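Per-entry structural report
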Amino acid sequence: MTTHTSADTFPRQYARTLRYTVGAPRSFSVAPDGSRVVFLRSSSGSDRANLLWTLDTATGEERIAADPAALLGGGEEDLSPAEKARRERSREGSAGIVGYALDGAGRTAAFALSGRLFVADLAAGTATELPAEGPLLDPRPSPDGTHVAYATTSGELRLSRTDGTGDRVLAAPDGPNVTWGQAEFIAQEEMSRDRGYWWSPDSDRLLVERADDSPVDRWWIADPANPDREPAEVAYPAAGTADAEVGLWLLGLDGGRTEVVWDRAAFPYLARVHWSKGGVPLLLVQSRDQRVQQTLGLDVATGATELLHEERDDVWLELFQGVPAWTPDGRLVRISDESGARSLVVGDQTVTGPDLHLRSVLAVTAEEVFFTASGGAAETDPEPGWIAVGRIGHDGKRLSWESANGRPFTSVTTAVHAAGITVRATAEPDLPGTLVQVARDLPEGVVVDDVAVIASHAETPVITARPVFRFAGERRIPAAVFLPTGYDRERDGLLPVLMDPYGGPHGQRVVQAHNPHLNSQWFADQGFAVVVADGRGTPGRGPAWEKSIHHDFAGATLDDQVDALRALAGEFPLDLDRVAIRGWSYGGYLAALAVLRRPDVFHAAVAGAPVTDWRLYDTHYTERYLGHPAEHPEVYDGNSLTGYAAGLERPLMIIHGLADDNVVAAHTLRLSSALLAAGRPHTVLPLSGVTHMTPQEEVAENLLLLQVDFVKKSLGIRAAAR
């Protein structure tokens, strides 16, 4: 890690380093022969531009494979609106090479810079530009390395030869709102599917998504600070309205074209596509209500599909990374809630038990499945928030754990595995950053032999997080408590409380790691006892825990914040007469909800980019939890904030980026209008030019300072001079 400048404050450093991710290695791949590891990393903790690197697994030597500054001649990046939108969907704030794809041998890497196409020869250490029609998106080499496919901002899917001899159209839009080879908004934002085409293992054809967003309602995102600029048109599928029409085609390099057939009316969501060498292509499709999903096998000769497995759930079905997939001997690998636990299933056998909560599949080898898991609902878990990498035989035997410290249940670990090489990234609560180790399987398959540690250039934080983990209350709510650095109970007494949750689906905050807690520790160092609680609905505690919020955001998630607060007050110095709450996105919704519905508990709130009317949020997310608004209007009314506006009697600050196209600013404006109509004073802080993320350094820094000032004033705490 690199050191920070002496003038840094935490808010400034936190913003400048993108939460200490700048300079840290990321996006790892292992060559199929195990000879090299490929990854991205910038040159320092203050440089956001990622370079492409390789590590030789025989020697541990690192080498630059592509440097954006050299390839662009020192010029600035020029990003298209489509690329900016892709990065917003993936919460990508860095620059330079932000993604790459490898050919089948792991020798050629393709990537985009400023909408232009580049390839790197990883063995030679050279990078060149290929002819391409830009601005382009998501370039991917064919497995044989002879072509690179890419999508364009005009909706085409094109092919460029890697020998530089030609570039041509493979599919062109056949309508004004049609794109080929690009994941639609819902897939990117809610399904964690950011790609729209897949090469065949033989490099002779591709499976390509065709998306038509003509049925989707158009919204307009204006910039009130610059009234001379035209509003941006956004196709936004709000709850209860039409989604984009998504189909899938087999496109041959010889011009052949075959439509893939499944019951798109019953299963409109294309959630996953998997095409591995020697295997039948797999599709995972979902019904609109997400209570039924099918795994389909594809006949590449005819485009017909065959039902391999159907799963049903009375509430909803989750999606997972890495599945469905095949074992080399042809058994289907999936993650399922059918047993009541979130389990790994290989063929017809459930191979993990209720003591584990499966989160993703990382790799499938001839004998084992590599996965990530946490403790689920196990009452014997000594600590909340651990995530570990396990490996288990296809028969459910030989379970072992990958761990950097020998203690897999007090850290957060993920990994990449191929060809007997494991790249393991481990974060621990008492050490800043993440340790990335490259290891080689020994013949016995369980013990590993370290090859190298991939260096991090991330800056060392100017503060140290000191989370104290607990299971709070009868429901054993995972929680982390932070006290001011140097706090002495006899001297300092009870502390005002700041609840700091996300508190909703897909947003686990209580994790056994250091850097994710720095923001909370900084707030604690301003004189608060900070409590982070992951109540019902958050990941990692089993299907029943996650699904207990069905049709009930406003009840379960808020109740668990109250219960955790009261339970922890029995052990920690929490002044329950001075309690504030802050949060962003779902956490912003939860913060505003807290002061609207429970002013007896919460005395002030800061709500950042809150969803205030769930009818204004997107289909796949909202309908999963609250149902269709036409069928359950009372659920939407009961879970939205505007109906509670008249109950506000505590200070509330609402913050919103006016350029946000995920949670649009209309959410805040509608709540503010309802509060005004009810005669309830409140504060609104609009952020011109800011999206759902706040990567701008000055904005991010000042937001933290303004929140502290607001909370202290609202709780009657005298603010110290800065």
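Structure shown above.
Summarised in this report is the structure supplied together with it. (Residues numbered from 1 in each chain as written. Predicted model: local features only at pLDDT ≥ 70, side-chain atom pairs only at ≥ 80, totals over all residues. Heavy atoms only, no water.)

1. Considering the sheet that holds strand E8 (residues 116-121)
With antiparallel pairing, four strands are arranged side by side in an open sheet as E6-E7-E8-E9. A strand with exactly one partner marks an edge of an open sheet, and here the two such strands are strand E6 (101-102) and strand E9 (126-129). One ladder, built from four bridges, connects E8 with E9; its direction is antiparallel. Bridge pairing links Phe118 to Glu129 in E9. (Pairing = 2+ DSSP bridges. Helix = DSSP H or I, 4+ residues; strand = E, 2+ residues; numbered from the N terminus.)

2. Some points on the pattern of salt bridges
Should their charged atoms come close, side chains of opposite charge can pair. Applying the stated rule across the entire model yields 43 salt bridges. Across the pair Arg288 and Asp243 runs a salt bridge, and its minimum N-O distance is 3.5 Å. Here Arg288, found in the loop between strand E22 (282-286) and strand E23 (292-298), pairs with Asp243, found in the loop between strand E18 (232-235) and strand E19 (245-252); they are 45 residues apart in sequence, far enough to count as distant. One network of salt bridges, in which partners are shared, links Asp313, Asp337, Arg342, Glu546 and Lys547. (Salt bridge = Lys/Arg side-chain N within 4 Å of Asp/Glu carboxyl O.)

3. As for unusual backbone geometry
For the peptide bond that leads from Gly134 to Pro135, omega is -5°, which places it in the cis range. Mapped onto the elements, Pro135 comes out in the loop between E9 and strand E10 (136-141). For the bond running from Val323 to Pro324, omega is 5°, close enough to zero to count as cis. Inspection of the secondary structure assignment puts Pro324 in the loop between strand E24 (305-312) and strand E25 (325-326). The phi torsion at Asp138 lies on the positive side, around 50°, for a residue other than glycine.

4. Thoughts on the sheet that holds strand E13 (residues 167-171)
Read from one edge to the other, the open sheet built from four strands follows the order E10-E11-E12-E13, with strand pairing classed as antiparallel. Two strands close off the open sheet at either side, each with one partner strand: E10 and E13. In this sheet, neighbouring strand axes are inclined to one another by 30° on average, regardless of whether the strands run parallel or antiparallel. Bridge count for strand E11 (residues 147-152) against strand E12 (residues 157-161) is five bridges, and the pairing is antiparallel. Residue Tyr150 lies in a different strand from E12, and its bridge partner there is Arg158. (Axes fitted to C-alpha atoms, helices over the stretch in contact; angles between N-to-C directions.)

5. As for the packing of aromatic side chains
One pass over the full model with this rule turns up 28 aromatic pairs. Taking 4.4 Å as the distance between ring centres and 15° as the angle between the ring planes, the aromatic pair formed by Trp219 and Tyr236 counts as stacked. Taken together, the residues span a long stretch of sequence, with Trp219 in strand E17 (residues 218-221) and Tyr236 in the loop between E18 and E19 at a distance of 17 residues. Take Tyr236: its relative accessible area is 0%, and that puts it in the buried class. When the ring centre of Trp53 is taken as reference, the NZ or CZ atom of Arg41 above it lies at 4.1 Å. (Phe/Tyr/Trp six-rings, centres within 6.5 Å; stacked < 30°, edge-to-face > 60°. Buried < 20%, exposed > 50% of the residue type's maximum accessible area, 1.4 Å probe, protein only. Lys NZ or Arg CZ within 6 Å of the ring centre and 35° of its normal.)

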